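Architecture at a glance
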Amino acid sequence: TPTCLSMPTDLRIAFNHSGMWVFDMDYNKKHSFGYADIYRWGGSSSQFSLIIWNTASESTFELKLATAQAADMAGIILDYINAIMQATQEQG
């Protein structure tokens, strides 16, 4: 992870079991973040904001996204975190 994260102006966000992925518009991976690195998130009808831990700089940064899918993004993050926590409890 670079010390200063550079993000494309237009980007695509994807989520899977291992975290959040940031791609440019041609689907070239730019960054990825595990769910443990996503400290806070939330949004409105037109914007989604995440507070993310940057390991290289040992600090957090805010990623603001203009999107109409904020509620869906918040829901999928919560669903994945709940599933990870449940799977962890079942293993222990």
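Our structure is the block above this text.
What follows concerns the packing of aromatic side chains. Going through the model one piece at a time under the given rule, you end up with four aromatic pairs. Taking 5.9 Å as the distance between ring centres and 55 degrees as the angle between the ring planes, the aromatic pair formed by F33 and F61 counts as tilted. In this pair, F33 is assigned in strand β3 (residues 29–33) and F61 in strand β6 (residues 59–66), connecting sequence segments 28 residues apart. Using a relative accessible area of 4% as the deciding quantity, one classes F33 as buried. Aromatic side chains Y39 and W53 sit 6.0 Å apart centroid to centroid with 10 degrees between the ring planes, which places their arrangement in the stacked category. With a gap of 14 residues between them, Y39 in strand β4 (residues 38–43) and W53 in strand β5 (residues 47–54) connect regions that are remote in the sequence. Taking the relative accessible area as the measure of exposure, Y39 reaches 45% and is therefore partly exposed.

Positive phi values are uncommon outside glycine, yet Y27 reaches one of about 65 degrees. Within the fold, Y27 resides in the loop between β2 (19–24) and β3. For E58, which is not glycine, the phi torsion reads 50 degrees and is therefore positive.

On to the pattern of salt bridges, then. Counted under the stated rule, the structure contains one salt bridge. The partner of K30 in a salt bridge is D24, with the nearest N and O atoms 3.9 Å apart. The exposure class of K30 is partly exposed, given its relative accessible area of 40%.

Let us now look at the nonpolar core. Membership of the largest hydrophobic core comes to 17 residues, with the highest contact counts inside it found for M20, F33, F48, L50, I52, L63 and I77. Counting only elements with at least two residues in this core, the list comes to β2, β5, β6 and α1 (70–91). Looking at this core element by element, the count peaks at four residues for α1. I52 has contacts with M20, F33, D37, S59, T60, F61 and L63, leaving out every residue within four places of it along the chain.

The subject of this paragraph is the sheet that holds strand β1 (residues 11–16). A sheet is described by the order of its strands in space; here three strands give the open sequence β1-β2-β3, paired in antiparallel fashion. Of all strands in the sheet, those with a lone pairing partner are β1 and β3, marking the two edges. Taken pair by pair, the neighbouring strands of this sheet meet at an average axis angle of 20 degrees, ignoring direction. Sheet topology places β1 next to β2; six bridges connect them, and they run antiparallel. Bridge pairing links A14 to W21 in β2.

Conventions used here
- Residues numbered from 1 in each chain as written.
- Predicted model: local features only at pLDDT ≥ 70, side-chain atom pairs only at ≥ 80, totals over all residues.
- Heavy atoms only, no water.
- Phe/Tyr/Trp six-rings, centres within 6.5 Å; stacked < 30°, edge-to-face > 60°.
- Helix = DSSP H or I, 4+ residues; strand = E, 2+ residues; numbered from the N terminus.
- Buried < 20%, exposed > 50% of the residue type's maximum accessible area, 1.4 Å probe, protein only.
- Salt bridge = Lys/Arg side-chain N within 4 Å of Asp/Glu carboxyl O.
- Core = buried A, V, L, I, M, F, W, Y, C linked by side-chain atoms within 4.5 Å.
- Contact = heavy atoms within 4.5 Å.
- Pairing = 2+ DSSP bridges.
- Axes fitted to C-alpha atoms, helices over the stretch in contact; angles between N-to-C directions.

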